[in-house]
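Tertiary structure, described
Below, each chain spelled out in residue letters.
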Amino acid sequence: MANTTRLLYSLTHRRFSRSFRSFFFIPTSLALVTSLFILFYIFTTSTLFFSNHKPSILHLNQPLSGSSSVPQINIYNNTRNPFVHVSNVSRLNENDRDGRESQRSLWPQSGSSDGLYENNEVFHVKDIFPEDYKQMNRSFKIYVYPHRRNDPFANVLLPVDFEPGGNYASESYFKKVLMGSHFITKNPAKADLFFLPFSISRLRHDPRIGVGGIQDFIRDYILNISRKYPFWNRTGGADHFYAACHSIGRSAMEKSWEVKYNAIQVVCSSSYFLSGYIAHKDACLPQIWPRKGDPPNLALSKRKKLAFFAGAVNSPVREMLLHSWRNDSEIFAHSGRLKTPYADALLGSKFCLHVKGFEVNTARIADSLYYGCVPVIIANHYDLPFADILNWKSFSVVVSTIDIPLLKKILKGISSDQYLMFQKNVLEVRKHFQWHHPPVDYDAFYMVMYELWLRRTSVRVPLPASMNPNH
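Residues numbered from 1 in each chain as written. Predicted model: local features only at pLDDT ≥ 70, side-chain atom pairs only at ≥ 80, totals over all residues. Heavy atoms only, no water.

**What to know about the sheet that holds strand β12 (residues 331–335)**
Reading across the sheet, the five strands line up as β12-β11-β13-β14-β15 and stay open at both edges, with parallel pairing between neighbours. The open sheet has two edge strands, β12 and β15 (397–398), and neither has a second partner. Strand direction decides the pairing type here: strand β11 (residues 305–311) and strand β13 (residues 349–355), joined by three bridges, are parallel. Bridge pairing in β13 places A307 opposite F351. (Pairing = 2+ DSSP bridges. Helix = DSSP H or I, 4+ residues; strand = E, 2+ residues; numbered from the N terminus.)

Encoded structure:
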């Protein structure tokens, strides 16, 4: 015991040599100097410390005499905000209009040089979209890898021969309409993009493949086309795309990493929180339950409920919603199936809740829009459909999942003028969330095609002379 005490005393009172002390002093000094340099760099390059940033202020301006009763929303932001661009069409290079110039490089737009931001329109840049849309309609071409009707997997590779329906109909609808559209070219030299025509939903239900065999099927399919055709190998699949609505489509690419990281994935499960989805490269396919006929309309005075939700409680987010609002008299939150018609509940509510389940996507946004109900989106990290084109803040309310207990306060804080603006824009935008066969201008099919047009390759890689039909 005495020896131990003597050893401890010796260690605590020992004078270390000069070289031993410098061993600790040098790295400590280097770390301190490096930290000071990093802070100095941040201070001199960031506007965080010295910009006169002001919080956004929401103003409702009364309309001018003779104009629409819907008020304008003016948001004043800091003019030095790097994410605000001037939407002056005259500043665009006219040579770029037929190239990769797109709305994503222009929104949100500022209304003046003093930082005034005004946009209660459904489009980010309403003056550019119609012209780009016409250009897309005239020139955009898709090549589809050909497959015979007697192919063993024709049911997977060819469009369905019936009218698609159900919760995941968007995948089949898009493929069926695309294959009969004027966008298809049989000349690969004229193609902007190449379509991989396999159907995830059909593979899922094919007893020869099933859920467990999808990854192998996709891997083998990509291998086959890369050996038979030169198109995949010349870009690594970057000018290829596929469409899928079921969430299995995300895991289907685990053995085909080039599809996941290079190709354009047009999928309903578009969560940029997940590694398999890359925003701006990939695109959201809206999940839409097909309906026939013109959508209904109902006056505001007949919408008695503040908000409505019905569905399975299959996620913590929905559990939180039900826990907070199950017994509320103004927010109708119901688990499971309704005993009354679903359409009546949507028509009778001012706001309709889209709440994340297993995935960020459900058909409830399209349901809400169809029935003229303002959608409330409670699904963090959801890359919303047509977000490159549509100004979602003009016709929907996005609520973070952490704010579910504040939901009533948030919705009641929306003035009647704001709500009128939302509902007016809902009625304008809902045509973009409907499928038709044959397609109708500006419907869901054309909007998906526009999203693909925005993602086309700016420089077309020439084909070998032996593969070019023009040689």
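Don't stop here, the text continues.
**Observations concerning the pairing of strand β14 (residues 374–378)**
On a regular strand, one side chain projects to one face of the sheet and the next to the other, so that they alternate. Taking burial as the measure, the five residues of β14 include five buried ones, the bulk of the element. One ladder, built from five bridges, connects β13 with β14; its direction is parallel. By the bridge assignment, L353 is partnered in β14 with V376. Chirality of the crossover, the property in question, places the unit of β13, helix α13 (residues 364–370) and β14 among those that are right-handed. Where β14 and β15 come together, two bridges link them in parallel fashion. Bridged to I377 within β15 is V398. (Buried < 20%, exposed > 50% of the residue type's maximum accessible area, 1.4 Å probe, protein only. Right-handed = clockwise from strand over helix to strand, strands pointing away.)

**A few points about unusual backbone geometry**
Most peptide bonds take the trans configuration, and most residues that are not glycine carry a negative phi. Of the consecutive residues H437 and P438, the connecting peptide bond is found in the cis state with omega at 5°. Note that P438 resides in the loop between α15 (416–429) and α16 (444–454). The backbone of Y442 sits at a positive phi, close to 70°, despite the residue not being glycine. Among the structural elements, Y442 can be located in the loop between α15 and α16. By relative accessible area, which is 24% here, Y442 ends up partly exposed.

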